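Below, each chain spelled out in residue letters.
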Amino acid sequence: MERKERTFDVLGQLGSLRRYARSLVRNADEAEDLVHDALVKAYERKSTFRRGANLRTWLLSIVHNAHIDRLRKARSMSRRHDEAAVEMEPSMPAGQDHAVRLKQIRDAFFSLPEEQREALHLVAIEDLSYQEAASALGIPVGTLMSRISRARAQLREFENETSSVTHLRLIGGNDHENR
């Protein structure tokens, strides 16, 4: 009996589940709620887990399906969150150039369509194989590959657009040399 419990070790998967949930909902608190809901569903459906199957893929699939369920139930709330994200100030003060760049890259990633963002996240961040990611999303491998290709193309386009932007220089209040 103890050995059977070890094959269902969800604690070792929490990092992956949290990262994926954060990628889907873009909010740390909602991501925790999503992971909680998914773990409750996983526990309730523990008997459906096939022994020897990939627990991580199974749990990521449950997180994905829980997210889809939440979207269906709360479509208007999702729209409000997306509109609020668009309304946010496009830049925030940062002490380091790399912090600004990281924010730009994160914003570019989050601006991808949801289906592309979730596919790219599973393969590039969670390091799932194409087959595992397609299984977690419940889509054919070819569809997953197409979504990832489109996501990468959009990120390359973003990179090409931002690489032509020159750095701004700060002008001090009383320092007339920089004007």
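Everything here concerns the structure above.
Residues numbered from 1 in each chain as written. Predicted model: local features only at pLDDT ≥ 70, side-chain atom pairs only at ≥ 80, totals over all residues. Heavy atoms only, no water.

### A short note on the overall build of the protein chain
Of regular secondary structure, the protein chain possesses 9 helices and 0 strands. Each helix (α) and strand (β) of the protein chain, taken in turn from the N terminus, gives the series α-α-α-α-α-α-α-α-α. Taken across its 179 residues, the protein chain has 30% of its residues classed as buried. Expressed as a percentage of contacts within the protein chain between residues at least 6 apart in sequence, the contacts between residues at least 24 apart total 63%. Accessible surface computed for the protein chain: about 12300 Å², of which carbon and sulfur atoms make up 52%. (Helix = DSSP H or I, 4+ residues; strand = E, 2+ residues; numbered from the N terminus. Buried < 20%, exposed > 50% of the residue type's maximum accessible area, 1.4 Å probe, protein only. Contact = heavy atoms within 4.5 Å. Areas by Shrake-Rupley, 256 points an atom, 1.4 Å probe, with all protein chains shown as cover.)

### A closer look at the nonpolar core
By size, the foremost hydrophobic cluster in this structure holds 37 residues, and its most contacted members are Trp58, Val63, Leu122 and Leu144. Elements supplying a minimum of two residues to this core: helix 2 (14-25), helix 3 (28-44), helix 4 (55-73), helix 6 (97-110), helix 7 (114-125), helix 8 (130-137) and helix 9 (141-163). If one sorts the elements of this core by residue count, helix 4 sits on top with 7 residues. The contact partners of leucine 122, leaving out residues within four places of it in the chain, are Tyr20, Leu60, Asp127, Leu128, Ala133, Ala136 and Leu137. (Core = buried A, V, L, I, M, F, W, Y, C linked by side-chain atoms within 4.5 Å.)

### Side note on the pattern of salt bridges
Applying the stated criterion across every chain yields a total of 9 salt bridges. Measuring nitrogen to oxygen at the nearest pair gives 3.4 Å for the salt bridge that ties aspartate 107 to arginine 106. The class for aspartate 107 is partly exposed, based on a relative accessible area of 29%. Shared partners join several salt bridges into a network, and the residues in it are Arg19, Arg56 and Glu126. (Salt bridge = Lys/Arg side-chain N within 4 Å of Asp/Glu carboxyl O.)

Take it as geometry only, folks, not as evidence of what the structure does.
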